[in-house]
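Geometric and topological summary
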Amino acid sequence: MLSPLGVCSAVLEVHVGTGSVFSVEGQRVVLPAWYTSRSQKKPYVTWLLDKADADPFQILTYLDGVVKVEETELKPRVGFLYPVHTHNISVFINATRERDSGQYMCTVNVVDDATSTGKNVAVINLTVLVPPAPPACQLRGSPTVGANVTLSCASEKGKPSPAYQWQRMAPTLQVFFPPAQDRARGTLKLTNLSLDMSGLYKCVAENQAGSAECRIILEVHSTSEGAIIAGAVLGSLGALATVAFFARRLVGYRRKKRDGQEEAANEIKEDAVAPKTPSWTRTPPADAISKTSTLSSIAGARDRPYGASPLSDTASVLTAAGSYRGPPRAGGCPPPTNGAPWHPPQPPATPGGLPPSSLARAGAIPVMVPAQSRAGSLV
């Protein structure tokens, strides 16, 4: 650059398009800068980032025609926008993040060019904005006729902090203002509720980066409806409790009855006596017949007077096999042959006793005497 006098007055100086740049998170941003110099030699360019919570550090340099990106979290996302030899030293940052916010400083030096103090340094402040996260709508209070409720709306993320706006949706459009609405806190107070205040309400959270919204349905109930609903709930709970109680009692009763029947059955089994079979329906074993006959003979001998002879030496004897052996029957008839009906002979009446048939007609009860087996045990 030449002055009106023809003297070269150009010196090294760095310029910026703006001192503050805003970007929305996730978007690309450009930090505009360039320098002027009367020298045609290659400059030495340095970009630094100064954050509030850290010391300044280099992010990008240009030296002897070589671009170097420093090892920072910006490395894969930062670079020169144009070739440096064009004197345009603007940089770009892709996919900006909230933590990219800070003060960016650019310094330029040329070997054979003079500069004024501070003229070779430029500063650009970058602010990365964050749109509000989808807010959450809530209802506090009991929405009954005559009561007061508060609708709240809050977003967990947003830079700068979002402002909130409540409105009632169609078919009855309505916009709210302070003091009913608090735009900073996101609350809306509705007092003295009525049935016609029921409807759909929307809350919009917005800042410079964008907006988000949530909706909530307000349904106002009359006091009688509230009482009916409460009574129905309590009645249902009471009915369920009653059913459960009686079901439990019924199960317990059935279990107790079943246990009692089992105990009674066990007692009957323990106290029961095996039924007795009448002696005259059983066929005595052969040795029992022999012993009975022997006992009868002994008893008869004891009843006779000393020295008296038996009625007949050839008295009939019932053998162990049950056949008849003895003198001919009365009338000289031989014993019946096979195939003819046979009747057991009536034993003679013994002195001092009655025949078994007479005892049976008199109602006497026959008693079975246990017999003894050959091994000596009772049968």
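Residues numbered from 1 in each chain as written. Predicted model: local features only at pLDDT ≥ 70, side-chain atom pairs only at ≥ 80, totals over all residues. Heavy atoms only, no water.

As annotated in an unreviewed UniProt entry, the protein chain is Endothelial cell adhesion molecule from Cairina moschata. Quoted straight from UniProt, the Subcellular location (unreviewed entry) entry for the protein chain says "Membrane". (UniProt positions renumbered as here; feature names shortened; annotations may be inferred.)

Some points on the state of the cysteines
Within this structure, the stated rule accounts for two disulfides. Covalently, Cys153 is tied to Cys203 through a disulfide, its sulfur atoms 2.2 Å apart. Across the disulfide from Cys153 to Cys203, rotation about the S-S bond amounts to roughly -90°, and the bridge is consequently left-handed. With Cys153 in strand β13 (residues 149–154) and Cys203 in strand β18 (residues 199–207), the pair connects residues that are 50 residues apart, well separated along the chain. Overall, Cys203 belongs to the buried group, its relative accessible area being 0%. Disulfide partners in the protein chain, listed by the sequence order of the bonded cysteines, are 1-4, 2-3. (Disulfide = S-S within 2.5 Å. Helix = DSSP H or I, 4+ residues; strand = E, 2+ residues; numbered from the N terminus. Buried < 20%, exposed > 50% of the residue type's maximum accessible area, 1.4 Å probe, protein only.)

Quick word on the environment of Ser39
By secondary structure assignment, the location of Ser39 is in the loop between β4 (33–36) and β5 (44–50). When its relative accessible area of 5% is taken as the criterion, Ser39 is described as buried. Sequence-wise, Ser39 and Asp112 are 73 residues apart; in three dimensions their C-alpha atoms are separated by 6.6 Å. The residues contacting Ser39, other than those within four sequence positions of it, are Val110, Asp112 and Asp113. (Contact = heavy atoms within 4.5 Å.)

Describing the side chain of Ser152
Within the secondary structure, Ser152 sits in strand β13. Residue Ser152 is classed as buried on the basis of its relative accessible area of 9%. At a separation of 3.5 Å, a polar atom in the side chain of Ser152 contacts the side chain of Arg140. Each residue touching Ser152, except ones within four places of it in the same chain, is listed here: Ala136, Cys137, Gln138, Arg140, Trp166, Gly186 and Thr187. (Polar contact = N/O pair within 3.5 Å; in protein donor to acceptor, adjacent residues only side chain to side chain.)

Details of the packing of aromatic side chains
Using the criterion set out here, one finds three aromatic pairs in the structure. The interplanar angle of 25° and the centroid separation of 6.1 Å between the aromatic rings of Phe176 and Tyr201 together place this pair among those described as stacked. Of this pair, Phe176 sits in the loop between β15 (174–175) and β16 (181–182) while Tyr201 sits in strand β18, placing them 25 residues apart in sequence. The same class applies to Phe176 as to Tyr201, namely buried. A centroid spacing of 5.4 Å and a plane angle of 75° characterise the contact between Phe245 and Phe246, whose relative ring orientation is edge-to-face. The class of Phe245 is partly exposed, set by a relative accessible area of 45%. Its end group placed over the ring of Phe92, Arg28 keeps NZ or CZ at 4.7 Å from the ring centre. (Phe/Tyr/Trp six-rings, centres within 6.5 Å; stacked < 30°, edge-to-face > 60°. Lys NZ or Arg CZ within 6 Å of the ring centre and 35° of its normal.)

Re the environment of Val45
Relative to the helices and strands, Val45 resides in strand β5. Taking relative accessible area as the criterion, Val45 reaches 0% and is therefore assigned buried. Each C-alpha atom of the pair Val45 and Asn109 lies 6.7 Å from the other, and the pair is 64 residues apart in sequence. Residue contacts for Val45: discarding those within four places in its chain leaves Leu60, Thr61, Tyr62, Phe80, Val84, Ile89, Cys106, Thr107 and Val108.

Observations concerning unusual backbone geometry
For the bond from Lys159 to Pro160, the omega torsion is -5°, close enough to zero to count as cis. Relative to the assigned elements, Pro160 resides in the loop between β13 and β14 (163–168). The step from Pro178 to Pro179 runs through a cis peptide bond, and the omega angle for that step is 5°. Of note, Pro179 is situated in the loop between β15 and β16.

Here we look at a nonpolar patch on the surface
Taken together, Val233, Leu234, Leu237 and Leu240 make up a surface patch of nonpolar side chains, about 420 Å² in accessible area. Among the structural elements, Val233 can be located in helix α1 (residues 223–271). (Patch = residues over 30% accessible without salt bridge, like charges linked within 9 Å, V, L, I, M, F, W, Y side chains within 5 Å. Areas by Shrake-Rupley, 256 points an atom, 1.4 Å probe, with all protein chains shown as cover. Salt bridge = Lys/Arg side-chain N within 4 Å of Asp/Glu carboxyl O.)

Here's the deal with the sheet that holds strand β11 (residues 121–129)
Spatial strand order, β2-β11-β10-β5-β6-β7: six strands in an open sheet with mixed pairing. At either margin of the open sheet sits one strand with a lone partner, and together these are β2 (20–24) and β7 (66–69). The average undirected angle you get between the axes of adjacent strands in this sheet is 20°. Looking at chain direction, β5 and strand β6 (residues 57–63) are connected through five bridges and run antiparallel. Within β6, the position partnered with Trp47 by the bridge is Leu60. (Pairing = 2+ DSSP bridges. Axes fitted to C-alpha atoms, helices over the stretch in contact; angles between N-to-C directions.)

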